[in-house]
Amino acid sequence: MSLIYQKEIKVTEEHIDQNNHVNNVQYVHWVEEIAVEHWDFVKHKTEYPKDIWMLLDHHIQYKKQVYLGDTVTVKTYPKIPEGAKQPRKVEFYCNDQLVVDSLTLWILIDMETHKIKRLGNDWLEKI
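Fair warning: this is a prediction, and the values are worked out from it, not measured in the lab.

The rules behind the values
For every chain, the first residue of the written sequence is number 1, and numbering continues from 1 onward in sequence order. Given that the model is predicted, a residue must reach a pLDDT of at least 70 before its local features are reported, and side-chain atom pairs must reach 80 or more before they are shown or counted; all residues, however, enter totals for whole chains, interfaces and linings. The side-chain values count all of the structure's non-hydrogen atoms but skip hydrogen atoms and water molecules. We define the nonpolar core as a collection of buried residues of types Ala, Val, Leu, Ile, Met, Phe, Trp, Tyr and Cys that are connected through side-chain atoms lying within 4.5 Å of one another. Burial classification: accessible surface area is computed with a 1.4 Å probe over protein chains only, and a residue below 20% of its type maximum counts as buried, one above 50% as exposed, and the rest as partly exposed. To qualify as a helix, a DSSP run of H or I must reach at least 4 residues; to qualify as a strand, a run of E must reach at least 2; elements of each kind are numbered from the N terminus. Contacts are assigned to residue pairs with any non-hydrogen atoms lying within 4.5 Å of each other. Centres within 6.5 Å make a pair out of two Phe, Tyr or Trp rings, where for Trp the six-membered ring is used; the pair is then stacked when the planes are under 30 degrees apart, edge-to-face when over 60, and tilted otherwise.

Draft legend 1. Representation of the nonpolar core in the model. Judged by nonpolar contacts, the single largest core of 17 residues is most densely connected at Val22, Tyr27, Val66, Val74 and Phe92. Elements with a contribution of two residues or more to this core: β1 (5-10), α1 (24-42), β3 (71-78), β4 (85-94) and β5 (97-109). With 4 residues, the single largest contributor to this core is α1. Other than its neighbours up to four places away in sequence, valine 22 contacts Val11, His15, Ile16, Asp17, Tyr27, Trp30 and Val66. Counting residues in hydrophobic clusters, the runner-up holds 10 residues, among them Ala35, Tyr48, Trp53 and Leu119.

As structure tokens, then:
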């Protein structure tokens, strides 16, 4: 599995709030969006291509502001599973500086049974 997935986002008017910087809610949206993109990119390499991840918990720390016209590099990667929970880091960089740091917890849902799947701690290594 490609453990690190990244993309660049050009900040546009739709991302800006009344304080003339990227809206905090926009970062939460990007956290979920890049996690889904990463899974879509690698799921065919796993035993779980039909299953989906659901966001259980998220923590986000805003370190610096980002403004209209800036380019943000978003990096994400899964960490070692914690039982049924799969931690995922999402980091946002602007001009090579960490501007937002996020840690999320996800659970994998079996699309046939609609129940949580518990993955082994080594499931990432098997891909």
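Draft legend 2. Broad picture of the packing of aromatic side chains. Evaluation of the coordinates by the stated rule reveals 9 aromatic pairs. Taking the centre distance of 5.8 Å and the plane angle of 55 degrees together, the rings of tyrosine 27 and tyrosine 62 count as tilted. Of the two residues, tyrosine 27 sits in helix α1 while tyrosine 62 sits in strand β2 (residues 52-62), which places them 35 residues apart along the sequence. Pairing tryptophan 39 with tryptophan 123 gives two aromatic rings, centres 6.3 Å apart and planes at 65 degrees, and the pair type is edge-to-face. Here the residue tryptophan 39 occupies a position in helix α1, and tryptophan 123 occupies one in the segment after β6 (116-117), the gap between them amounting to 84 residues. Looking at tryptophan 39, the relative accessible area reads 6%, which means it is buried. Using a relative accessible area of 5% as the deciding quantity, one classes tryptophan 123 as buried. Following the ring pairs from residue to residue traces out a cluster consisting of Tyr27, Trp30, Tyr62 and Phe92.

Function-wise, these values are silent; they only describe arrangement.
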